[in-house]
Amino acid sequence: MPRPVKCRKVCHFPNVLEFLPADDTEKKTPIVLTVDEYETIRLLDKKGYSQEQCAVSMQIARTTVQRIYEIARKKIADALIDGHPLRIEGGDFRICDGQSGNCSFGGCYKQEIYKKYAAEKGEGIMRIAVTYENGQIFQHFGHTETFKIYDVEEGKVVHSEVVDTNGSGHGALAGVLNALNADVLICGGIGGGAQTALAAAGIKLFGGVSGDADEAVEAFINETLEYNPDVKCSHHEHNHGEGHTCGEHGCGSHSCH
């Protein structure tokens, strides 16, 4: 029986999911970089972590980091040198929720959020998060500085609170929502990368919503919320090719053991 694959912890989901050559006259097969491969590149080449530090952050063996990193570097080289599109999707990963004591070596803001909010959420509570600014739904998910969270029980808001994202930005915000133990996100514009990250974290998305945040939550509770299921923040990334839908095995939503 094959050894089960251990999920690799990802703290920062990619903002851009696809890179295309400027000269698109010759159509070539896209090279797919998995999300966990992307994370090794981010930690080792961008953040300057050692392989040992990367292994601790992703909660896998150093030899696994070395293998993933070598594969990722080869894919990127092939894309750059041979002019292939580079697409980021799939892999065996889970979005960081701040539970790990080694997350960013004790400097992860999600740890503070998880300790405060995940433990407070009782059974039967649905937690709704809204991108928030001055009472309104903030319209750019990736730049939201605060979420307003609403705990709903038996169709009524029993608690609400504004939470600072601590400047987490784009790729880390799905992890913040995961640490908050949010079930639902209501927002305005949101990019495809963030949508995929939310799907991987099991958070339901209601995008393309504007106006008063409190009123939007009441409309959601009453099942009258108007939202756009196909909302896109198009300047961040290209769409997947035809036939691809997020939430499949290849988008990281499958369970790892």
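Here, residues in each chain are numbered from 1, in the same order as that chain's written sequence. Note on the predicted model: pLDDT of at least 70 is required for a residue's local features to be given, and 80 or more for side-chain atom pairs to be given and counted; whole-chain, interface and lining totals, by contrast, use all residues. Hydrogens are left out, water is left out, and the side-chain values use all remaining heavy atoms of the structure.

- As annotated in an unreviewed UniProt entry, the protein carries the name DUF134 domain-containing protein and comes from Fusicatenibacter faecihominis.
- UniProt positions are given in the numbering used here, feature names are shortened, and annotations may be inferred rather than shown by experiment. In its Sequence similarities (unreviewed entry) section, the UniProt entry covering the protein states "Belongs to the UPF0251 family."

### Description of helix H6 (residues 192–201)
Here is step 1 of the chain: With respect to burial, H6 is a largely interior element, 8 of its 10 residues being buried.
Here is step 2 of the chain: Under the scheme applied here, a residue whose accessible area is under 20% of the maximum for its type counts as buried, over 50% as exposed, and between as partly exposed, the area being computed with a 1.4 Å probe on protein chains only. Every helix listed is a DSSP run of H or I at least four residues long, and every strand listed is a run of E at least two residues long, numbered separately from the N terminus. Burial in H6 covers these residues: Gly-192, Gly-193, Ala-194, Gln-195, Thr-196, Ala-197, Leu-198 and Ala-201.
Here is step 3 of the chain: Looking one or two residues past H6, Gly-202 carries a phi angle of roughly 75°, positive in sign.

### A closer look at the sheet that holds strand E2 (residues 18–19)
Here is step 1 of the chain: Pairing in this open sheet of 3 strands is mixed, and the strands run E2-E4-E3 from one edge to the other. Each edge of the sheet is formed by a strand with only one pairing partner; in this case those strands are E2 and strand E3 (31–33).
Here is step 2 of the chain: Lying on the sheet, helix H1 (residues 35–46) is in contact with E3 and strand E4 (86–88); it crosses E3 at an angle near 70°.
Here is step 3 of the chain: Here, two residues are considered to be in contact whenever any of their heavy atoms come within 4.5 Å of each other. For helices, the axis comes from a line fit to the C-alpha atoms of the stretch in contact; other axes are also lines fit to C-alpha atoms, and the angle between any two N-to-C directions lies between 0 and 180 degrees. Sheet strands in contact with helix H3 (residues 62–82) are E3 and E4, and its direction is about 145° off that of E3. At least two DSSP bridges between two strands are needed for those strands to be called paired.

### Focus: the pairing of strand E8 (residues 146–153)
Here is step 1 of the chain: Burial runs high along E8: 7 of the 8 residues are buried.
Here is step 2 of the chain: The pairing of E8 with strand E9 (residues 156–164) spans 8 bridges and is classified as antiparallel. Bridge pairing in E9 places Tyr-150 opposite Ser-160.
Here is step 3 of the chain: Where E8 hands over to E9, the hairpin turn is made up of 2 residues, of which Glu-154 adopts a positive phi near 55°.

### Here we look at helix H7 (residues 213–221)
One full turn of an α-helix is made of 3.6 residues, so residues set three or four places apart face in the same direction.
Here is step 1 of the chain: Listed in full, the buried residues belonging to H7 are Ala-213, Ala-216, Val-217, Ala-219, Phe-220 and Ile-221.
Here is step 2 of the chain: Contact partners of the buried residues in H7: strand E6 (126–133), strand E7 (136–137), E8, E9, strand E10 (184–186) and strand E11 (204–206).
Here is step 3 of the chain: Between N or O atoms, a polar contact is any pair within 3.5 Å; within protein, one atom must be a potential hydrogen donor and the other a potential acceptor, and residues adjacent in sequence are included only when both atoms are from side chains. The backbone nitrogen of Asp-214 has a side-chain oxygen 3.0 Å away, supplied by the residue at the start of H7, namely Asp-212.
Here is step 4 of the chain: Once H7 finishes, Glu-223 follows within two positions and takes phi at roughly 60°, a positive value.

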